[in-house]
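# Architecture at a glance
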Amino acid sequence: MIELAGLLLVTLGAGGLINRLAGAADPGWFVQLRVLPPQLHIGASVVLLLVGAGLLFAQQARKHHRDRSR
């Protein structure tokens, strides 16, 4: 479940960031682009991307640690 949340956050963050940097007028399905004011779009996208990547790395570290302790 943590991996799914991480993947979703990475997708939202990276997609929203690309959307803003490309200058697209339509926010698409990126939540942060629909609910936040425009001046927060890039920052929120970066935060979502980093939190998602952090979740994915933490989950992989837990799996690796669990496998090594067996």
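Residues numbered from 1 in each chain as written. Predicted model: local features only at pLDDT ≥ 70, side-chain atom pairs only at ≥ 80, totals over all residues. Heavy atoms only, no water.

On a plain count of helices and strands, the chain comes out with three helices and zero strands. Its helices and strands in sequence order give the chain the pattern α-α-α, from N to C terminus. By the compact-globule yardstick of 11 Å for 70 residues, the chain is too spread out, its C-alpha radius of gyration being 15 Å. Considering the chain as a whole, with its 70 residues, one finds that 24% of them fall into the buried category. Accessible area of the chain: about 4,900 Å², with a carbon and sulfur share of 70%. (Helix = DSSP H or I, 4+ residues; strand = E, 2+ residues; numbered from the N terminus. Rg over C-alpha atoms; globule rule 2.2 N^0.38 Å. Buried < 20%, exposed > 50% of the residue type's maximum accessible area, 1.4 Å probe, protein only. Areas by Shrake-Rupley, 256 points an atom, 1.4 Å probe, with all protein chains shown as cover.)

For the pair helix H1 (residues 2-21) and helix H3 (residues 41-68), the least separation of the axes is 7 Å and the interaxial angle reads 150°. Here H1 lies roughly antiparallel to H3, going by the angle between them. The two elements H1 and H3 cross, and the hand of that crossing is left-handed. (Axes fitted to C-alpha atoms, helices over the stretch in contact; angles between N-to-C directions. Parallel < 35°, antiparallel > 145°, perpendicular 65-115°, else oblique. Left-handed = near helix turned anticlockwise from the far one by under 90°.)

For the rest of this paragraph, the subject is the environment of Thr11. Tracing the chain through its elements places Thr11 in helix H1. The class of Thr11 is partly exposed, set by a relative accessible area of 39%. When the C-alpha atoms of Thr11 and Gly52 are compared, they prove to be 8.3 Å apart, with 41 residues separating the residues in sequence. Not counting chain neighbours up to four residues away, the residues in contact with Thr11 comprise Gly16, Trp29 and Phe30. (Contact = heavy atoms within 4.5 Å.)

Here H1 spans 28 Å end to end across 20 residues, near enough to the 28 Å set by a 1.5 Å rise per residue. Of all the positions in H1, only Gly6, Leu12, Gly13, Gly15, Gly16, Leu17 and Asn19 are classed as buried. Where the residues of H1 are buried, they touch helix H2 (31-35) and H3. In the stretch just after H1, Gly23 is the one whose phi turns positive, near 80°. (Expected span 1.5 Å × (residues − 1).)

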